Amino acid sequence: MPISLRGAKVLKDLSNEELRTLHMVETLLKKGEYAPKEKVADYSGYREKDVDLYLSRLNKLKLTRRWTGQFVGYTLTLSGFDALALNKLYIDKKVYGVGRSSGVGKESDIYYAVDFEDNEVMLKINRTGRASFKKVKRKRDFLEGKFHYSMFSVAEIASKREYENLLKLQGQNLPIPVLKGFNRHMIVMNIIDGVELVKVQYPKKPIKLLEKIVEFAKTLYQKYNLVHADLTEYNILYDIRKDSITIIDFPQAVSTEHPESVNLLRRDFTHLLDFFGKKWSITTDEVETVIDYIIK
Ligand SMILES: Nc1ncnc2c1ncn2[C@@H]1O[C@H](COP(=O)(O)OP(=O)(O)O)[C@@H](O)[C@H]1O
Ligand SMILES: [Mg+2]
């Protein structure tokens, strides 16, 4: 697990020209597998020998990776992509600095960060596609097509979905994270007090928690036309002091218009009822009764 975020650490050492060059590489990667050095110079308007310097610095800092074939080209590394997102969050005055890692989720890295008012916030970095990235990196033969950028864009798309889902739900007193910022594959939000339900041994009244989750799913469905679709004991945080829950992790939430929405809801609650039943010996209604209650 990375203790500190490389992309954040090197950011303060980059000049504006180097940052702009990095951004140029990103833009060019949308058009091809590598950003040709000449094009970086063309687009940026910098002299080629300056671009050489900027690129070799970026490469040394492992924000880009050089490729030599029919031309000399560059691609972004994960740290390079992180640096671009963090730089924007800094410019937008959303994140002042990044601290220690708080953990690794199924498809994300979570870091503590501070905002410009010195409050601690949570930085969720989407890493969808990372597993395939590593696999492919080992096997150079696979480095074809627009693979590099497509890995960044899947993370970006997932993050954007999560941001948009959460945005719809803000300011309504729902038990969800409060959004603070967003760029590329990163979401800034408040830090939720609590631990994942999977790690909780003795909540005050497990049945009450389940009721709260059902009520949340019902509100989401009825009022906001959404189904969470990954409502598991890992995505429900429990605050023992307040005896309250918060629901997190929204990239996969679907609209109630989605043809599979009810099936996804059923999958969520089949799983959750089973979890509550096994862990706290709760007998509940049949899953179909719960689903009917939520959707009707
Ligand atoms: N805002 C937050 N406050 C506190 N902990 C969080 C927050 N967001 C995420 N976490 C922690 O990080 C873990 C992974 O985050 P999550 O949003 O579920 O991403 P993933 O898609 O990787 O599962 C969560 O299970 C939770 O323990
Ligand atoms: Mg999760």
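Conventions we followed
Residues numbered from 1 in each chain as written. Chains lettered and ligands numbered in written order. Predicted model: local features only at pLDDT ≥ 70, side-chain atom pairs only at ≥ 80, totals over all residues. Heavy atoms only, no water. Domains from an automatic or database assignment. Contact = heavy atoms within 4.5 Å. Buried area = accessible area lost by both parts, 1.4 Å probe. Near = heavy atom within 4 Å. Polar contact = N/O pair within 3.5 Å; in protein donor to acceptor, adjacent residues only side chain to side chain. Areas by Shrake-Rupley, 256 points an atom, 1.4 Å probe, with all protein chains shown as cover. 1 Å grid on protein atoms, 1.4 Å probe; cavity = no way out; pocket = protein on both sides within 12 Å on 5 of 7 lines; lining within 4 Å. Sits in = over half its atoms within 2 Å of the grid points. Helix = DSSP H or I, 4+ residues; strand = E, 2+ residues; numbered from the N terminus. Nonpolar A, V, L, I, M, F, W, Y, C, P; charged D, E, K, R; others polar. Axes fitted to C-alpha atoms, helices over the stretch in contact; angles between N-to-C directions. Parallel < 35°, antiparallel > 145°, perpendicular 65-115°, else oblique. Pairing = 2+ DSSP bridges.

A. Spotlight on the domain arrangement of the protein. Domain annotation of the protein identifies domain 1 (6–189) and domain 2 (195–295). Its C-alpha centre places domain 1 at a distance of 33 Å from the equivalent point of domain 2. Taken together, the contact pairs 14 residues of domain 1 with 15 residues of domain 2. Together domain 1 and domain 2 conceal approximately 1,200 Å² of surface at their shared face, both sides included; 64% is due to carbon and sulfur atoms. For domain 1, the biggest contributors to the area lost against domain 2 are Asn 165, Leu 169 and Pro 175; these three give 37% of the whole.

B. Main features of the site of ligand 1. Within the structure, ligand 1 sits among 17 residues, and Lys 106, Glu 107, Ser 108, Lys 124 and Glu 196 are positioned closest to it. Within the contact set of ligand 1, an oxygen atom lies 2.5 Å away from a side-chain nitrogen or oxygen of Glu 196. A distance of 2.9 Å separates an oxygen atom of ligand 1 from a polar side-chain atom of Asn 235. Notes on ligand 1: free accessible area 540 Å², of which the protein chains cover 88%. The cavity where ligand 1 resides is the largest pocket. Breaking the shell around ligand 1 down by element, the ones donating at least two residues are strand 5 (108–114) and strand 6 (120–126). Partitioned by chemical class, the residues of the shell around ligand 1 number eight nonpolar, four polar and five charged. No fewer than three residues from each of domain 1 (6–189) and domain 2 (195–295) sit in the shell around ligand 1.

C. Region of the structure containing the packing of helix 8 (residues 206–224) against helix 10 (residues 287–295). Between helix 8 and helix 10, the shortest axis-to-axis distance is 8 Å and the interhelical angle comes to 45 degrees. As summarised for this structure, helix 8 and helix 10 are arranged oblique, according to the angle between their axes. In contact with Val 214, Glu 215, Ala 217, Lys 218, Tyr 221 and Gln 222 of helix 8, helix 10 contributes Val 290, Tyr 293, Ile 294 and Ile 295. Looking at side-chain class alone, the contact of helix 8 with helix 10 contains seven nonpolar, one polar and two charged residues.

D. How the structure looks around the sheet that holds strand 11 (residues 236–239). Within the open sheet, the three strands sit side by side as 9-11-12. Their pairing is antiparallel. Looking at which strands have only one partner, the edges of the open sheet turn out to be strand 9 (195–196) and strand 12 (244–247). Note: strand 9 against strand 11, two bridges, orientation antiparallel. Note on strand 11: the bridge partner recorded for Val 195 is Tyr 238.

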